[in-house]
Structure formats: C-alpha cells, structure tokens
Amino acid sequence: MRPGGKENFNISILWNAGAGPADAAVRPLCIGKEDDVNIVACVKQVPDTEAMIKVKPDGSGIDEAGIKWVMNPYDEFGVEEALKLKEKQGGDVTIVSLGPARAMETIRTALAMGADKGIHINDPALEGADAYVTASALAAAIKAIPHDIIFCGQRAIDDDSGQVGSVLAEMLGLPSVTIVTKADIEGGAIKVIKPIEGAQLLIESSLPCVVTAQKGLNEPRYASLPGIMKAKKKPVDVKDAAALGVSAEVKAKVAKFVPPPARPPGKIVCGDDPAAKAAELGRLLREEAKVI
Amino acid sequence: MAKGVWIVAEQRDGAYRKISFELASTARKLADQLGEEVCAVLLGSGIEGIAGELGKYGVDKVYVADDAALEPYTTDAHATAVAKIVKENDPSILLLGASVQGKDLSARLVGKLATGMATDCTDVKIDGGKLVAFRPMYAGKCFGEVTVASTPQMASLRPNVFSIVETAKAGEVVKFDAGLDASQIKTKVLEVQKDTSGKVDLTEANIIVSGGRGMKGPENYNIIEELADVLGATVGASRAAVDAGWRPQSDQVGQTGKIVSPNLYIACGISGAIQHLAGMSSSKYIVAINKDNEAPIFTKADYGVVDDLFKVVPEFTQVCKKLLA
C-alpha cells in the first residue's frame with residue numbers, strides 16, 4: 001500500500017483489479033457495431049524532461065541544438081492505455097502525430113510498443129501550430145478513419161497548453177474526459193476517475209469519446225526488441241496540410257520567448273549547530289519574509 | 001466590435017473558489033486600462049444568492065444561469081452555457097482559472113469559440129489595446145509572451161498568483177437561460193469522493209513542505225508531516241519519492257506532477273532536478289534544507305540551510321511551534 005492515506009478512496013463500481021484477457025470473455029463489450037475497437041492515440045515528440053531549454057537570442061523560439069527528443073510522457077500513458085484496451089477487447093491502434101520529420105521516431109516508438117499503424121502529419125507550414133491548428137489537423141486525419149476512442153496526453157510538456165485533446169473532441173463532436181487517472185470501458189460507455197482539488201470524481205461518458213491521460217493511469221511498457229523490428233514494417237501514412245484541408249493560420253501566437261525571470265540571490269543560514277540554524281531560519285521567515 | 005473583459009467564475013457547493021476573486025480583480029485591472037466593463041459568468045444550481053458578491057472584486061455585471069443541469073459541473077453543460085452567453089455578447093477578453101475545472105472548460109471553449117488561449121498564465125497586461133499574456137512553457141524552463149489574433153482573446157490564470165483587490169462595483173445580476181438540451185450532455189458525474197483529510201490541495205496551498213530522496217524512506221515523512229501540521233501546510237514530494245512508492249502520485253510537485261505557487265515552499269532533502277524546479281519556481285519564497293551544498297535547489301532558494309534535514313527539520317518544527325504559539 002502506498003503511503004499518504006488516500007487509499008480509502010474506494011470508488012466502488014469500477015475496477016475489477018487486474019481485469020485482463022481472461023475477463024474479457026465474461027465481460028462482453030459492445031463498442032459500436034463490431035467487437036473490434038478502433039483505437040486512436042495522439043502523440044507528440046517533445047524535449048526530454050531533463051533537457052535544458054535555451055531561448056534563441058532573438059526570442060523567436062528555443063535553441064534545439066543538443067536536445068534529446070522523446071515521446072511526450074503524458075502521451076505514453078495514452079498509448080499504453082490504448083494497447084491495454086486492444087489486448088483486452090481486440091481491435092487496432094492507430095498513432096497520429098503532428099510534427100517535423102523527427103516525429104517519425106516517436107511514431108515508430110509507439111508502433112514498437114505494439115500499435116498497428118501510424119499517420120504522420122508533416123508540413124513545414126504547420127510548424128508553430130497552436131492548439132487550434134494542431135487539433136484541426138488531428139481532427140481531419142482522425143475523421144477519415146474509424147474511431148471508437150481517442151487517447152491524448154493531458155498536456156504536452158513543451159508548450160504546456162493542455163488544450164489539444166478538448167479542442168479535438170469539440171471538432172469531432174465528441175465528449176471529452178480530461179486528466180484522468182483510471183479508465184474502464186464497459187457496455188458502450190467509459191468510466192473514468194478524475195482527481196480534482198480535494199476530491200476525486202467518477203465520471204461516465206458515452207462512446208466514442210476523447211480521453212486525456214494523467215500520470216497514474218498506467219505504467220507504460222518499454223518496446224521489446226522484436227517489437228522494434230516489427231515496427232519498421234508497420235504502415236505510416238504521411239500527410240500534409242493540403243491533403244487534410246486544414247488552415248495553418250494560428251489563433252494564439254508566442255510573440256516572444258524569454259528566459260525565466262531571475263530570482264534574487266538567496267541567503268545561506270550559517271553555523272554549526274542545527275538548532276541555532278533552525279532558529280535563525282524561523283527568524284528570517286518571520287521577520288524578513290513575513291510568511292509564517 | 002468585441003468589447004468587455006469577461007471571466008468565468010468558479011464555485012463548488014455554492015461557495016466561490018478563491019480563483020474567482022483572483023480572476024475578477026485581474027479583469028478589473030485590464031478593463032480599467034481599456035475603459036471597458038467587467039462581466040462574470042456564474043453557473044450552477046441554487047447559486048443566484050452568491051452572484052452579487054463578485055461586485056466587491058470589481059465586477060460590473062454577473063450573468064447567472066441557475067439550472068439543475070449545471071450541477072455538478074460537466075464539460076458539456078458548462079461549455080455550452082458559457083459559449084452561448086459569450087457569443088451573444090462578444091467580449092474582447094475571456095479569462096478563466098487554470099484550476100482543474102477551469103483547464104477543462106477553457107480548452108473546450110477554445111474549440112467552441114474557435115479562438116486562441118494562453119494557458120496557465122502568471123501575468124497578463126494590455127499593450128496597444130490587446131491582451132499580452134505571460135506564461136511558463138517547458139514547465140517554467142522558459143516563458144512565452146502570447147497574443148491572440150481572434151476574439152475573445154482567452155487566457156487561463158494560474159491559481160494563487162494574481163492578487164485579490166477589493167474594488168466595489170455594482171455587481172448587477174443578469175439571469176440568462178443556459179439553453180441546455182439533455183441530449184447535448186454526454187458525460188455524467190456518478191460519484192464524488194471527497195478527501196476527508198482536511199488538507200488544502202497542493203495547487204491551492206499557502207505553504208508547502210516537500211520531501212525528496214533525502215527522506216530515505218516513507219517512514220521518515222512523519223517529520224515533514226509534523227512541520228506541515230504546525231504551519232498549516234500541505235505535504236508535497238519530488239518525483240524520486242513518488243516513483244520510489246514513498247508518497248502517492250497526488251503529492252508530486254514538478255513537470256509531470258503538480259505546478260504549485262505557494263507563499264512559502266520548504267524543500268527538504270530535495271536536490272532540485274530541473275523537472276522539480278519547474279514545478280515550484282513560481283513560489284514566492286523558497287527554503288531549501290539539504291546537506292549537499294552543491295544541490296541545484298540552492299540556486300532557487302531564498303533561504304538555504306546546508307545540514308542534515310533529520311537534525312534541522314525537527315528543530316525547525318519546535319521553533320515554528322513557539323513562533324506561532
């Protein structure tokens with residue numbers, strides 16, 4: 001059991017913990033008309049969380065030199081959930097990504113994890129796409145394929161906008177359940193757990209729908225070596241803005257990138273005696289900072 | 001032409017969330033520069049009585065939809081209602097909170113209103129009659145100045161960052177019909193489980209005491225919890241502590257956890273990996289207690305104590321007890 005005393009959250013109707021393929025037989029699912037589920041997972045390639053971010057001298061963007069690119073961690077949770085659903089219910093998983101040529105690596109990573117095919121939206125005109133343009137492009141690609149459920153990360157850790165999943169849902173005319181830490185599909189509906197400030201909600205949505213993944217949803221798998229080999233042969237469609245019929249005109253624009261505001265230099269509390277240092281810290285917080 | 005600075009107020013169980021007053025005060029400041037009105041949208045059931053209260057924080061007019069279908073919050077119902085009243089009135093600016101509910105609602109509205117939004121802003125201003133929003137990107141490793149070409153120009157504001165200013169205005173209450181049709185609402189809240197610990201959420205806390213890898217194990221968090229109890233603080237954790245299973249996921253502060261901005265953030269045994277710093281750099285005061293004087297956390301700290309946290313923290317708890325007695 002994890003510490004922290006949150007274990008008393010026992011949202012009853014949900015989880016048969018560890019429900020796996022064996023359960024699928026006794027828990028028949030009816031999503032859409034077929035038994036097979038058409039699952040979509042949207043992914044974005046972003047700088048690794050440990051990457052240092054340097055702003056270009058002219059403030060037009062960030063300096064990409066030396067950055068290690070990875071799949072957005074929240075999208076990994078989405079891909080993992082998509083794969084788990086496929087394993088439980090049957091069906092296939094399509095990965096959709098908007099990004100430059102290097103984004104193909106991220107699509108291949110998802111294919112190596114077990115997804116079946118990919119759509120890579122690659123167009124220099126879409127560089128600097130805001131949430132609206134990104135969602136338009138994803139929506140156009142997804143409209144053209146069958147989709148029972150769409151997973152996105154709750155936000156990408158580069159622009160931190162957290163909008164795309166919801167805007168995509170709106171454009172597809174689908175409901176959205178966002179920032180979820182558990183999801184379970186049964187009988188043509190999905191039930192999710194969503195933490196909010198000081199509470200958790202159990203929400204039900206009809207399908208198809210868009211689900212945005214929060215950390216805690218699952219533990220994403222690593223790609224296996226055979227998975228990596230197989231991924232090379234899996235089909236990936238490459239499309240540009242014209243093929244999708246989307247406008248590249250952004251609504252929100254980052255007019256200028258700037259380094260974070262500098263914090264004034266701090267004070268180190270000196271001395272050899274922990275008790276004296278604790279007392280001095282207390283005095284500083286009380287008298288100087290006035291925060292306690 | 002689009003006119004007016006609008007906010008979407010947030011209430012839970014008939015009481016305003018603090019972010020509502022932060023939004024109202026900020027909208028007032030922007031509207032005064034533009035010479036425009038501040039209007040608020042308030043949605044829920046049985047909430048008409050609290051509507052006028054927003055006048056105290058500078059709101060000229062409060063549009064209220066009081067409808068059973070608006071309680072509890074669902075994305076579909078609230079986004080439909082806000083989009084309707086916003087489209088009828090064509091404001092130039094629309095502000096929401098970057099709370100959990102505000103994030104969900106604002107993103108859906110971007111789609112419904114076909115506009116742009118700056119998410120989780122830490123500052124907003126007017127420049128040349130237009131909104132300029134200042135927001136952390138890459139989890140605070142850099143910032144962006146965002147402008148929105150379409151209207152309403154939307155921004156969501158990070159909770160706990162903007163000051164609350166009382167400016168008495170009329171707070172005239174105008175009722176409107178949310179225009180909801182049950183078939184539009186495709187999601188349903190089945191159950192609400194409240195956290196009964198009585199602790200303030202990390203994103204709303206005034207003081208946070210966080211522990212990292214230096215805590216050495218889950219059993220040692222009692223010293224952090226004792227300090228937090230004395231200070232009325234909420235306990236947080238670094239990713240290392242969460243990934244080790246010492247603390248629940250909901251306690252994680254950082255790039256893949258919660259982004260927090262308390263008045264006081266006390267980091268105990270946290271080295272300050274960049275993804276952690278990203279989550280707490282907008283705190284007003286930062287204290288670091290760590291025995292490694294090279295730890296990156298000290299570059300962000302206003303006050304640092306280089307020493308064994310197992311010696312300093314219990315002493316500091318006693319000091320605080322006396323100070324607050």
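Participant: Talk me through the overall build of chain B; I want residue IDs and the actual numbers.
Facilitator: Along its length, chain B carries seven helices and 18 strands. Its C-alpha radius of gyration of 21 Å places chain B within 12% of the 20 Å reference for a compact globule of 325 residues. Expressed as lengths along the three principal axes of its C-alpha atoms, the size of chain B is roughly 60 × 45 × 35 Å. The long-range fraction of contacts in chain B, counting pairs at least 24 apart against all pairs at least 6 apart in sequence, stands at 64%. As presented, chain B carries roughly 11,500 Å² of accessible surface, and 48% of it is formed by carbon and sulfur atoms. Averaging the positions of the 35 positive and the 40 negative side-chain charges in chain B gives two centres separated by 3 Å.

Participant: An account of the interface of chain B and chain A is needed here, citing residue identities and associated values.
Facilitator: Listed by partner, the interface residues are 94 residues for chain B and 86 residues for chain A. For the pair chain B and chain A, the two sides together bury roughly 7,700 Å², of which 57% comes from carbon and sulfur. Between the two partners, chain B and chain A, sit seven salt bridges. Glu170(A) serves as the salt-bridge partner of Lys112(B), at 3.1 Å between the closest nitrogen and oxygen. At the boundary of chain B and chain A, one finds 48 residue pairs in polar contact (both at pLDDT 80 or more). Classifying every residue of the side of chain B that touches chain A by side-chain character gives 41 nonpolar, 26 polar and 27 charged. Bridge count for strand 16 (residues 267-269) of chain A against strand 18 (residues 303-306) of chain B is three bridges, and the pairing is parallel. Bridging across to strand 18 of chain B, Lys267(A) finds its partner in Tyr303(B).

Participant: Tell me about the nonpolar core, and please be specific about residues and values.
Facilitator: Ile121(A), Ile142(A), Ile150(A), Leu168(A), Leu94(B) and Leu109(B) are the most contacted members of the largest nonpolar core, which totals 53 residues. Among the elements that take part in this core, helix 4 (residues 131-143) of chain A stands out by supplying nine residues, more than any other. When near neighbours in sequence (up to four residues on either side) are disregarded, Leu94(B) contacts Trp6(B), Ile7(B), Val8(B), Val86(B), Leu109(B), Leu113(B), Pro152(B), Gln153(B), Met154(B) and Ala155(B).

Participant: So, the pattern of salt bridges: which residues are in play, and what are the values?
Facilitator: Within the structure shown, the criterion is met by 33 salt bridges over all chains. Between Lys117(A) and Asp92(A) there is a salt bridge, with the nearest N and O atoms lying 2.8 Å from each other. A residue pair is termed long-range when its members are at least 10 positions apart, and Lys117(A) in strand 7 (residues 117-121) and Asp92(A) in strand 6 (residues 91-98) qualify at 25 residues. Ionic contacts of the salt-bridge type, sharing partners, join the residues Glu50(A), Lys215(A), Arg239(B) and Asp243(B) into one network.

Participant: I'd like a description of unusual backbone geometry, backed by residues and values.
Facilitator: The omega torsion across Leu207(A) and Pro208(A) is -5 degrees, close enough to zero to call that bond cis. You can see Pro208(A) is positioned in the loop between strand 12 (199-206) and strand 13 (209-213). Residue Pro72(B) is reached from Glu71(B) by a cis peptide bond, and omega for that bond is -5 degrees. Tracing the chain through its elements places Pro72(B) in the loop between strand 5 (61-66) and helix 2 (75-89). A positive phi angle is found at Asp90(B), which is not glycine, with a value near 50 degrees. As for its placement among the helices and strands, Asp90(B) is situated in the loop between helix 2 and strand 6 (93-97). Using a relative accessible area of 33% as the deciding quantity, one classes Asp90(B) as partly exposed. In this structure, Ala139(B) takes a positive phi of about 55 degrees despite not being glycine.

Participant: Could you give an account of helix 5 (residues 164-172) of chain A, naming the residues involved and the relevant values?
Facilitator: Residues of helix 5 of chain A that are buried: Gly165(A), Ser166(A), Val167(A), Leu168(A), Ala169(A) and Leu172(A). A positive phi of about 70 degrees marks Gly173(A), the residue just after helix 5 of chain A.

Participant: Residues and numbers for the pairing of strand 5 of chain B, please.
Facilitator: All names here are of chain B. The buried count for strand 5 comes to five of six residues, which makes it a mostly enclosed element. Bridge count between strand 4 (residues 38-44) and strand 5: six bridges; the pairing is parallel. By the bridge assignment, Val-41 is partnered in strand 5 with Tyr-63.

Participant: So what's going on with the domain arrangement of chain B? Residues and values would help.
Facilitator: Reports often express the size of an interface as the amount of accessible area lost when the parts come together. All names here are of chain B. The domain architecture assigned to chain B consists of domain 1 (5-184) and domain 2 (202-324). Between the C-alpha centres of domain 1 and domain 2 there is a distance of 32 Å. At the junction of the two partners, domain 1 supplies eight residues and domain 2 supplies eleven residues. Note on domain 1 versus domain 2: buried area summed over both sides is about 870 Å², and carbon and sulfur give 42% of it. Looking only at domain 1, the three residues that lose the most surface to domain 2 are Ala-139, Lys-141 and Asn-160, adding up to 57% of its buried area. There are one salt bridge connecting domain 1 and domain 2. As a salt-bridge pair, Arg-17 and Glu-204 come within 2.6 Å of each other at their nearest N and O atoms. Applying the counting rule to domain 1 against domain 2 returns six residue pairs in polar contact (both at pLDDT 80 or more). Of the residues in the side of domain 1 that touches domain 2, the class split is four nonpolar, one polar and three charged.

The rules we used
Residues numbered from 1 in each chain as written. Chains lettered and ligands numbered in written order. Predicted model: local features only at pLDDT ≥ 70, side-chain atom pairs only at ≥ 80, totals over all residues. Heavy atoms only, no water. Helix = DSSP H or I, 4+ residues; strand = E, 2+ residues; numbered from the N terminus. Rg over C-alpha atoms; globule rule 2.2 N^0.38 Å. Contact = heavy atoms within 4.5 Å. Areas by Shrake-Rupley, 256 points an atom, 1.4 Å probe, with all protein chains shown as cover. Lys, Arg positive; Asp, Glu negative; His and termini not counted. Charge placed at Lys NZ, Arg CZ, Asp CG, Glu CD. Buried area = accessible area lost by both parts, 1.4 Å probe. Salt bridge = Lys/Arg side-chain N within 4 Å of Asp/Glu carboxyl O. Polar contact = N/O pair within 3.5 Å; in protein donor to acceptor, adjacent residues only side chain to side chain. Nonpolar A, V, L, I, M, F, W, Y, C, P; charged D, E, K, R; others polar. Pairing = 2+ DSSP bridges. Core = buried A, V, L, I, M, F, W, Y, C linked by side-chain atoms within 4.5 Å. Buried < 20%, exposed > 50% of the residue type's maximum accessible area, 1.4 Å probe, protein only. Domains from an automatic or database assignment.

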